[in-house]
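# Observations on the model geometry
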Amino acid sequence: MMDKPLDWASLLNPNRRKKPTGAPSATPAVEEDDNRTAIERDADRILFCTPVRRLGDKTQVFPLEQHDSVRNRLTHSHEVAALARSIGTRLAFGPLRDVIDPGLRPQRDLPAMLFAIGLVHDLGNPPFGHQGERAIQQWFERKSSALFTDGAGLSLAMQKDFLKFDGNAQTFRLVARLQLLNDDRGLNLTLGTLAALLKYTVPSDRANKDDTYAGAKKAGFFQSESHIVEEVRRETGIAERVRHPLTYIMEACDDIAYSVVDAEDAVKKALASFPDLEEFLRASVQDEPQSEASTLLENVLSRAADDRNKLRGSNLSPGETNDVSMQKFRAYAMTAMVGAVSDAFVANLDAILKGRFEGDLISASRASLLSKSLKKFDRRVAYNHRNVLGLEARGAKVIHELMDVFWRAICDRADRQKPVGPRLSAESAYVYALISENYRRVFESPNVPVQPVLYGELQLLTDMIAGMTDSFAMSLHQEFASRGLLRVAAGG
């Protein structure tokens, strides 16, 4: 809870981070070169950056998916961004029209900021989906006794950055530090956008999945970016255990997108049929009979069933009927959930601005039962399918062996106390040169806040692995195997 409510002037802060000299980087209300606002420019900077394009070859649910109609991280992120922008437009021209000072340009900047944080929210996710995160954590768990010795100089908080490695924290690092624009400030996004993209507001050593505050369940940033987060908080007035209000909307849109479309993808892959989904959801109505949540779910099912009945006797094949029914359901479900989330945001806005709202918007809305039931269906039909689990296991093995090779190359220099220096072997020199120049520049830069060299080495490793696409990781693993590097790394 805060001493005073958050104010929209600070939340929509258009200023960019200060220059290295400490002088403020002035940002006019509408930047003169092309009449875009600073926050609209944020959205465009994100849209055109390289890591966004890489999302097109990163797993959403089905690793190494060859089906051209099934989502990947890029299509998922575009869908989240579109949903978020639509809610921003709905609120800016509706319930918030008389709440936010029109001089702050809410009808432009609310949709733009929500689009930006929706598009960027998965940017730091490693290859092979959430199993990729777990694989990175497991590698550090396995190596912890050798890496995190008493003399290594890493604080417990620094160690947790790796033992609890999280794609959300990597996202913040990417846009605030790694992605090269023209200096060491990453994409140099506005302070308002940086605050809003922090879905989780605590560092890894204070993350707890059992915390009642939704923003503390995972790590939102690493120790290396803690000084940037402090600056963002100072300029926006947001405390550690308080989220930017628009973050709640982005989180809800993420929930809407993956819960609905993961079910659609499962049907597209013939892991289930639309009648299977319909039967599952109708049964779940009994969990909350005669409630607003069950009424919303029943209305969505009723509209989808009416459309399905209209298809009877048509020339569509069973597969086409399945697809059309699922598409109609998706449209009805998303429309209902967007409306429910918008209403829940308005109903809870006072508590959100005062830092008293600790849950999530979906759970606080009349779409709660539909969302919860869809997630159960997705887990049963898609996430736990043997093919998915088998490919995830294969991806984890690839990540572990790639980390072995890159770690050997990173460490293979004469003076480990200095981040710069030639590699001691030709193999290490070759592997080290494969690491993104951006990432190596940050590791070797004298401008990085003082930290143990080991911490920088480990971050260079995770920066490289998390930045890979699925197919690049697989092909690089194949190349390393053909060169005998996997055996060398295992032996080393």
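Everything here concerns the structure above.
Here we summarise the structure given alongside this text.

Thresholds applied
- Residues numbered from 1 in each chain as written.
- Predicted model: local features only at pLDDT ≥ 70, side-chain atom pairs only at ≥ 80, totals over all residues.
- Heavy atoms only, no water.
- Salt bridge = Lys/Arg side-chain N within 4 Å of Asp/Glu carboxyl O.
- Helix = DSSP H or I, 4+ residues; strand = E, 2+ residues; numbered from the N terminus.
- Buried < 20%, exposed > 50% of the residue type's maximum accessible area, 1.4 Å probe, protein only.
- Contact = heavy atoms within 4.5 Å.
- 1 Å grid on protein atoms, 1.4 Å probe; cavity = no way out; pocket = protein on both sides within 12 Å on 5 of 7 lines; lining within 4 Å.
- Points joined across faces, edges and corners; volume = space filled by probe spheres on them.
- Nonpolar A, V, L, I, M, F, W, Y, C, P; charged D, E, K, R; others polar.

## Let's talk about the pattern of salt bridges
- Scanning all chains against the criterion turns up 28 salt bridges.
- Where Asp122 meets Arg73, a salt bridge forms, and the shortest distance between an N and an O atom there is 2.6 Å. Residue Asp122 is found in the loop between helix 5 (106-120) and helix 6 (130-147), and its partner Arg73 is found in helix 4 (residues 73-92); the two are separated by 49 residues along the sequence.
- Judged by its relative accessible area of 7%, Asp122 falls in the buried class.
- Using a relative accessible area of 4% as the deciding quantity, one classes Arg73 as buried.
- For Asp211, the salt bridge identified is with Arg241, shortest N-O distance 3.0 Å. Remark: Arg241 occurs in the loop between helix 10 (226-236) and helix 11 (245-268) and Asp211 occurs in the loop between strand 1 (202-203) and strand 2 (219-221); sequence separation between them is 30 residues.
- A residue is classified by how much of its surface remains accessible, and Asp211, at 16% relative accessible area, is buried.
- On the accessibility criterion, Arg241 (35% relative accessible area) is partly exposed.
- Salt bridges sharing partners connect three or more residues here, namely Arg173, Arg177, Glu225 and Asp463.

## Points about helix 16 (residues 368-383)
- Turning to helix 16, its buried residues number three or more, namely Ser368, Leu369, Leu370, Ser371, Ser373, Leu374, Phe377, Asp378, Val381 and Ala382.
- Here the buried face of helix 16 lies against helix 11, helix 12 (274-284), helix 13 (292-310), helix 14 (318-347) and helix 17 (386-411).

## Concerning the layout of surface pockets
- For the largest pocket, the calculated volume is near 1,100 Å³.
- Around the largest pocket, the lining is made up of 41 residues, and of these His130, Lys199, Lys218, Asp255 and Tyr258 lie nearest the centre.
- Taken together, the elements giving at least two residues each to the lining of the largest pocket come down to helix 4, helix 6, helix 8 (167-178), helix 11, helix 16 and helix 17.
- Among the elements that make up the lining of the largest pocket, the one with the highest residue count is helix 16 (six residues).
- Tallied by class, residues from the lining of the largest pocket come to nine nonpolar, 15 polar and 17 charged.

On their own, these measurements won't tell you what the molecule is for.
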